[in-house]
Every structure is written in structure tokens, then in C-alpha cells.
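Inside the fold
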Amino acid sequence: MSTFNGCIHEYPQIAVDRFDGENLKASAYFLSHCHADHMVGLGDQALLDHLSETSGSIYCSEVSLAILQVDCRYVHLLPYLKSLPVTDPCFISLHSAEGEGTEEVNLQVTLIASGHCPGSVMFLFEGRNGTAFYTGDFRLGVGDAARIRPLHTGGLLKDVRSLYLDTTFCCPQALHIPTRIQCRDALINVVEGWLNRGPRHVINLCYNSRYGFEYMYAELSKYFNTKIHVADNTANQYEKLPDIQQYITTTDRDELRIHACRWIRRDGTFPRHKLPCRLDRYGLNVLVIKPSVMWFTMLGNNPSDLIMKIDANMYRVCFSTHSSYTEIRDFVSYICPRFLYPNVKPYTAAMDDVIMQFKGLLRDDKKPLGKMNLGNNSEVKYRPLGTLNIARVKRSQPESTLNKCSGAMLSLLQSTDSDDDTLFFPPTKRPTLTPDPPTLTPATPTLTPVTQPSVTPLSDEPAEVSEPVGVGVVLGDPRVIRRGKVVYIDDDSLE
């Protein structure tokens with residue numbers, strides 16, 4: 001969860017992903033994506049009053065704008081929301097921050113796709129006070145930073161003064177996280193095995209965040225040639241995003257066998273083994289699959305634990321929309337900023353410890369800037385999943401404070417033409433980092449075993465699952481035996 005206070009030190013006139021408190025003095029705001037921890041204060045009356053008094057604006061990607069336009073909590077902000085194109089630099093004139101005088105500041109802003117969820121972007125701010133790079137939440141693979149063209153000029157990396165970094169999994173437990181391709185293949189194996197058991201066997205994908213799992217919808221829908229049934233409120237989120245709408249539906253609930261119905265009890269928990277949308281739900285065999293990654297990292301994050309069986313009707317799949325510790329270090333090592341500001345406090349470390357983990361990767365005057373990795377591709381190329389269902393108007397060059405460059409069509413969920421190691425970028429080979437990351441041993445909680453009857457692996461696993469699950473469950477005890485160690489496993493609070 002983001003702990004960023006919204007302040008970009010180089011440019012105090014702006015606020016990013018925070019819309020309350022001291023940030024109400026800003027003259028322009030930026031929203032990286034539509035997750036709640038990056039939208040604190042966005043719906044408050046105080047922000048609306050400030051925007052109306054100062055004629056300020058909130059800048060975001062076109063996809064994020066399309067999401068906000070159908071969210072009743074933010075429709076009052078529509079006059080102040082402005083979209084910017086991805087990868088095309090835009091120029092904004094800002095009034096100095098309160099107490100800083102009246103001089104205007106010209107700022108160049110470039111949006112870069114972050115691979116986190118629909119519409120998510122990173123912000124590259126360039127001006128007279130230096131270059132600041134804000135990642136928001138991101139999932140990039142090893143070597144991807146070297147092929148992002150807006151980060152380079154003349155084939156050389158730009159001099160980034162400050163990096164505001166997503167450090168969600170900056171901890172040894174998340175040294176490696178499975179790729180989306182690996183998750184997709186493992187998920188399809190489990191789903192296919194369960195559905196082959198009979199027509200009364202159905203799937204329900206159970207997730208906690210509103211956005212970020214659209215990739216699963218698309219891949220399951222394409223593989224099984226069926227739409228995914230969702231609740232009305234979920235479908236309404238994608239009203240202007242036909243790229244996602246083509247894979248989901250709110251009809252045929254009793255015929256469809258793959259669901260992503262987000263039903264929440266009054267106490268905030270999910271009905272794990274039920275499917276309330278089905279009128280014939282009694283007698284159904286429902287397999288619940290919960291995508292998550294933090295739950296896996298709490299167990300030590302063994303990369304082989306791609307999918308784990310919790311009980312006869314529930315699996316967890318290790319699916320992440322944040323970069324792993326290895327990917328984060330690779331990213332920082334290439335960007336090589338002079339200053340680094342963590343945006344997230346990992347659950348296992350203090351902020352000071354996070355900063356110390358990047359010691360030796362920050363810029364000194366003797367370290368040369370990196371070169372753009374052209375390889376087989378001259379740049380990171382994005383193939384859109386589809387188009388936005390909004391009118392496309394040819395942009396003119398306005399004489400107002402915002403000068404938008406002619407933008408290419410935005411991507412919604414980024415992918416490549418081949419099954420590479422990440423959803424968003426093609427693979428690339430990268431030389432060994434200097435200095436190398438320290439050798440880390442994932443932490444495993446030490447627990448005292450209790451006397452229990454002998455445990456044997458469950459025998460009712462779905463048919464034709466290629467990956468062995470290797471988990472046994474002790475009924476009545478929230479622990480399991482995994483590779484000879486007792487570990488806590490059934491805690492729904494770990495998402």
C-alpha cells in the first residue's frame with residue numbers, strides 16, 4: 001500500500017497520487033492509476049473547492065480518465081480531469097507553489113506505461129530543477145528499463161535526479177516472483193482439470209482489488225472460448241473499455257462455468273465456496289481461486305509454489321502486478337538516480353532499511369550513464385489489446401497552459417506478439433549487474449509443531465494438473481505441512 005505523501009521535491013507546485021493536506025496548495029495534480037491507495041482525498045470537497053478557486057487540473061492517462069468517467073464518486077471532478085498521451089511529452093505551465101512567489105514554471109511531462117493495471121502509468125518530469133521519475137505501482141521485467149525510449153536521449157539514459165520508487169516487494173521474501181505467463185499456464189491447468197470433472201463443476205475467481213486481474217479474464221476467455229461472468233458493478237467499471245468488455249458478461253449466469261463474481265458479505269469477507277449469482281447454486285462444485293502474491297511471500301516465496309491448494313475447493317495462485325525484489329534492483333541499477341525515495345513500506349522492513357538495500361546503486365559522478373538497449377527492437381513497442389470506446393478527436397496545438405503532442409492510441413493492457421516472460425515487454429538479455437545483489441535467504445517463520453494426526457496430501461486434486469501441489473491440510477488447524485515444516489497457510493487477511 002502506497003505511503004507516498006504526494007510531494008515531488010524538485011517541483012513543489014505539483015502533487016502526485018495524493019490529494020489532501022499540504023497537497024491542496026498544488027497548482028496541478030497527477031494520478032498514476034485508479035487504485036484506492038493512490039486516490040486519497042480525490043473525492044473530497046476540499047479538493048473540489050481548491051480546483052475551482054485555482055482553475056487547477058488533474059492529469060492522468062486516457063484509460064484512467066475513462067474509468068473515472070463512469071465512477072459516481074468522481075463525476076464532479078470531470079471538468080478538471082485531463083488526459084495525456086502515453087510516451088508523447090507534454091508541456092505544462094505551472095504557477096509557483098504557495099509562498100514561492102508568482103513566477104511560472106514550465107514542466108515537461110511524459111507518461112510511460114507501468115504494467116500494473118489498466119491505465120497505470122509512470123511520470124517523467126523534466127524542467128529547470130532536474131529530472132524526477134515517479135513510478136507509481138509498476139511491474140517491469142529485468143532489462144526492460146533499458147528499452148524505454150522516453151528515458152533516453154541520443155541513445156543515452158537521461159540524468160535522473162530523483163527516483164520515486166514502488167518498493168512494495170523490496171524484501172528478500174520476494175526475491176523472485178513468477179511471471180504472468182507462468183501464472184497463466186498454471187491457472188489454465190487447474191481450471192481445465194476442474195471443468196473436465198463434469199458440468200456441475202464451476203470456477204470462481206476471487207479477488208480483492210477492483211482492477212488488475214483483467215489479464216486473467218482475457219487469457220481464460222480466449223483459451224476456453226467462453227466469456228467470464230461478472231457482477232453488474234464490475235461490468236459497469238469497463239463501460240468505456242471494450243477491450244475488456246469483449247471477455248466478460250453479466251448474462252448467461254447459469255450456463256457459464258467460469259465466474260469472477262465479486263460478492264462481499266456484510267462483515268467484508270467473501271463467500272468462499274458459494275456462487276450467489278447462480279440460481280442453481282445448490283449442488284454445484286465450486287472451485288475458488290484467489291490470485292495473490294503477498295500471501296506467498298509470507299511463506300518464504302518459493303518460486304515453485306506457483307499454485308497451492310488450500311482445501312478441496314480452494315487454490316491460491318501467485319499472481320503479481322508489482323515487480324519482484326530482483327526486478328526492482330535491476331530497474332534502480334539501470335536508472336542510477338542521484339536520490340531515491342521509497343513510495344511503499346514493505347511489510348517486513350523499515351524505510352531506512354529499504355534505502356540501505358540500494359546502497360551502491362545510486363549515482364556518483366564517476367559512474368557513466370547507461371545506453372539504450374536497441375537489440376532486435378529499437379524501442380519498447382506496445383501492442384494494444386484494443387481501443388477505447390470514446391470519440392477520437394484530432395488534437396490541435398492549444399495556446400493554453402497545456403500543450404499536448406499528437407498521441408498514438410493508448411494501450412489498455414499491454415502485451416507482445418509472443419509468449420515472453422512478461423506481459424508488457426519483449427524479453428531481452430542483460431549483462432550482470434554491478435554491484436551484484438547480495439545473496440539473500442528467504443525467511444521462513446519458526447513455528448512450534450503441535451501434536452496432530454498424521455497428515456497426508458489431499459487426494460481430490462483436479463485432474464490433469466501438471467504442477468504437483470504438495471500441500472496437506474490438518475482439519476481444524478490453520479497450519480499445513482510443507483516440505484517437512486509447519487507453516488501457517490489459511491489466513492484470508494494475506495492478500
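Residues numbered from 1 in each chain as written. Predicted model: local features only at pLDDT ≥ 70, side-chain atom pairs only at ≥ 80, totals over all residues. Heavy atoms only, no water.

**Focus: the side chain of Arg-147**
Within the secondary structure, Arg-147 is located in the loop between β8 (130-134) and β9 (152-153). Look at Arg-147 and you get buried, because its relative accessible area is 2%. Within the structure, the side chain of Arg-147 is placed 2.8 Å from the side chain of Asp-144, a separation counted as a polar contact. (Helix = DSSP H or I, 4+ residues; strand = E, 2+ residues; numbered from the N terminus. Buried < 20%, exposed > 50% of the residue type's maximum accessible area, 1.4 Å probe, protein only. Polar contact = N/O pair within 3.5 Å; in protein donor to acceptor, adjacent residues only side chain to side chain.)

**Remarks on the pattern of salt bridges**
A complete count under the given rule lists 13 salt bridges for this structure. Across the salt bridge formed by Arg-139 and Glu-327, the nearest N and O atoms sit 3.1 Å from each other. You can see Arg-139 sitting in the loop between β8 and β9 and its partner Glu-327 sitting in helix α8 (residues 325-335), a full 188 residues away along the chain. Given a relative accessible area of 4%, Arg-139 falls into the buried group. As a salt-bridge pair, Arg-184 and Glu-219 come within 3.5 Å of each other at their nearest N and O atoms. Taken together, the positions of Arg-184 in helix α3 (residues 180-195) and Glu-219 in helix α4 (residues 214-224) put the pair 35 residues apart, joining distant regions of the chain. (Salt bridge = Lys/Arg side-chain N within 4 Å of Asp/Glu carboxyl O.)

**Here we look at the side chain of Ser-324**
With respect to the helices and strands, the residue Ser-324 is situated in the loop between β18 (314-318) and α8. Not counting the four nearest positions on each side in its chain, Ser-324 is found in contact with Phe-169, Ala-174, Leu-175, His-176 and Ile-177. (Contact = heavy atoms within 4.5 Å.)

**So, unusual backbone geometry**
For Asn-225, which is not a glycine, the phi torsion comes out positive at approximately 55°. With respect to the secondary-structure elements, Asn-225 resides in the loop between α4 and β13 (228-229). You can call Asn-225 exposed: its relative accessible area is 73%. Of note in the backbone geometry, Asp-252 takes a positive phi value of approximately 55° without being a glycine. Note that Asp-252 resides in the loop between β14 (248-249) and β15 (258-259).

**Some points on the confidence of the model for the protein chain**
For the protein chain, the average pLDDT comes to 75, and 67% of its residues sit at 70 or higher. With pLDDT under 50 throughout, residues 376-495 is counted as low confidence; its partners more than four residues away or in other chains account for 253 contacts. (pLDDT = per-residue confidence, 0-100.)

**Quick look at the layout of surface pockets**
One number sums up the size of the largest pocket: a volume of about 930 Å³. Taken together, 34 residues form the lining of the largest pocket, with His-35, Asp-37, Asn-208, Ser-209 and His-322 sitting closest to its centre. Elements that contribute at least two residues to the lining of the largest pocket include exactly α2 (62-69) and β16 (285-292). Looking at the lining of the largest pocket, its residues break down into 16 nonpolar, 11 polar and seven charged. (1 Å grid on protein atoms, 1.4 Å probe; cavity = no way out; pocket = protein on both sides within 12 Å on 5 of 7 lines; lining within 4 Å. Points joined across faces, edges and corners; volume = space filled by probe spheres on them. Nonpolar A, V, L, I, M, F, W, Y, C, P; charged D, E, K, R; others polar.)

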